[in-house]
Amino acid sequence: MPQNAARLAAASAPRTPGVSRTGRDLPVAVVVGLTLLAVVGASLFVRKEGFLVLAVLAVGAGLWELAQAFARRGIHLPLLPLLVGDVGILVSAYMAGAEALFVAFMLTVGGAVVWRVLDGSGAPALRDATGAAFAAAYLPFLAGFVMLLLAQPDGAFRVLLFILLCVASDTGGYVVGVLIGRHPLAPSVSPKKTWEGLIGSLVLACLVGVVGIGAMFDGAPLVGVALGVATVVTASLGDLSESLLKRDLELKDMGSLLPGHGGLLDRLDSMLLTAPVVYLILTVLQPVV
């Protein structure tokens, strides 16, 4: 009852101009989002290595945010070996392919565990080492699949399509959810997500997938639909997973690096789980000629 009363009070409270019912400062969020897209687009098509540098910095910032969040529960990530591993995993994936990605990931986990054990043993060390393994898998390893896309001869277009699919899923769900969302998708995890928003995500992501695969690769519309559906499923799971993590950590946002959006992890959560799926679909259904 108290939770329901609080939600009713929040819904009836006067809304700050420019702030949506989801709590976003829309003008700031739009400006920041468009700026990020412009920077990413420029890095992709001026020189692909520029995007690699951006990815390393973004994943590094995400690791820092995750370390600050985990510290609230007494889990202290060995940040230095994770940051070194961030560079090693992404550069290895871009330069040498999938095998190098897996090897660099294993070396990063091993290095982080050894680093932490040298600082002390026992239950705290086990807890911190487990957290380090999770962090390495969640951020640099999954981001490495974006580098595998980037390394292809037409990699700039593959990465661009991947990013546009994720943006379409997020935007479609947000707009439709705000306008007509009535039925919560997972109220115990993320009360603001709705089934109507999920349908909006599907429609816009499939549209972007069909148009993108046709315009960039002259591919079949069904491949675009497959990309759209897969993106919505994985992006939604990624978003809900991070919402569950934030709920456990008692956080609204994972950080505040991106005004109007929260932290970098709040933007990367849907992309991280989506990257390997998009890579797999494009590799199988739209191979490099």
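Note: the structure precedes this text.
Residues numbered from 1 in each chain as written. Predicted model: local features only at pLDDT ≥ 70, side-chain atom pairs only at ≥ 80, totals over all residues. Heavy atoms only, no water.

Student: Could you give an account of the side chain of Ser243, with specific residues and numbers?
Tutor: Within the fold, Ser243 resides in helix H9 (residues 221-249). Ser243 sits in the buried class, given a relative accessible area of 11%. Those residues within four positions of Ser243 in sequence are excluded, and the remaining contacts are Val189 and Ser190. (Helix = DSSP H or I, 4+ residues; strand = E, 2+ residues; numbered from the N terminus. Buried < 20%, exposed > 50% of the residue type's maximum accessible area, 1.4 Å probe, protein only. Contact = heavy atoms within 4.5 Å.)

Student: Describe the environment of Leu57, naming the residues involved and giving the relevant values.
Tutor: Mapped onto the fold, Leu57 is located in helix H3 (residues 49-71). Under the relative-accessibility criterion, Leu57 is labelled exposed at 57%.

Student: Tell me about helix H6 (residues 123-150), residues and numbers included.
Tutor: Compared with an ideal rise of 1.5 Å per residue, which puts 28 residues at 40 Å, H6 spans 40 Å between its outermost C-alpha atoms and is within 8% of the ideal. The largest bend in H6 comes to about 30°, at Ala137, with the proline Pro140 one to four residues further on. Taken across its 28 residues, H6 has 20 buried, putting it largely inside the fold. (Expected span 1.5 Å × (residues − 1). Bend = angle between axes of the 7 residues up to and from the residue.)

Student: I'd like to hear about helix H5 (residues 98-118), residue by residue, with values.
Tutor: In a regular helix each residue adds 1.5 Å, so 21 residues correspond to 30 Å; H5 covers 30 Å between its end C-alpha atoms and thus fits that length. Residues Ala100, Leu101, Ala104, Phe105, Thr108, Val109, Ala112 and Arg116 constitute the buried set of H5. All buried residues of H5 project into a common sector of 170° when viewed along the axis, lining one side. Turned more than 90 degrees away from the buried face of H5 sit Glu99, Met106, Leu107 and Leu118, all of them exposed. At the exit of H5 stands Gly120, carrying a positive phi of roughly 145°. (Arc of directions from axis to C-beta.)

Student: Before we move on, can you summarise unusual backbone geometry with the specific residues and values?
Tutor: Phi is positive for Asp218, close to 55°, though the residue is something other than glycine. Tracing the backbone through its elements, the reader meets Asp218 in the loop between helix H8 (195-217) and H9. Residue Asp218 is classed as exposed on the basis of its relative accessible area of 69%.

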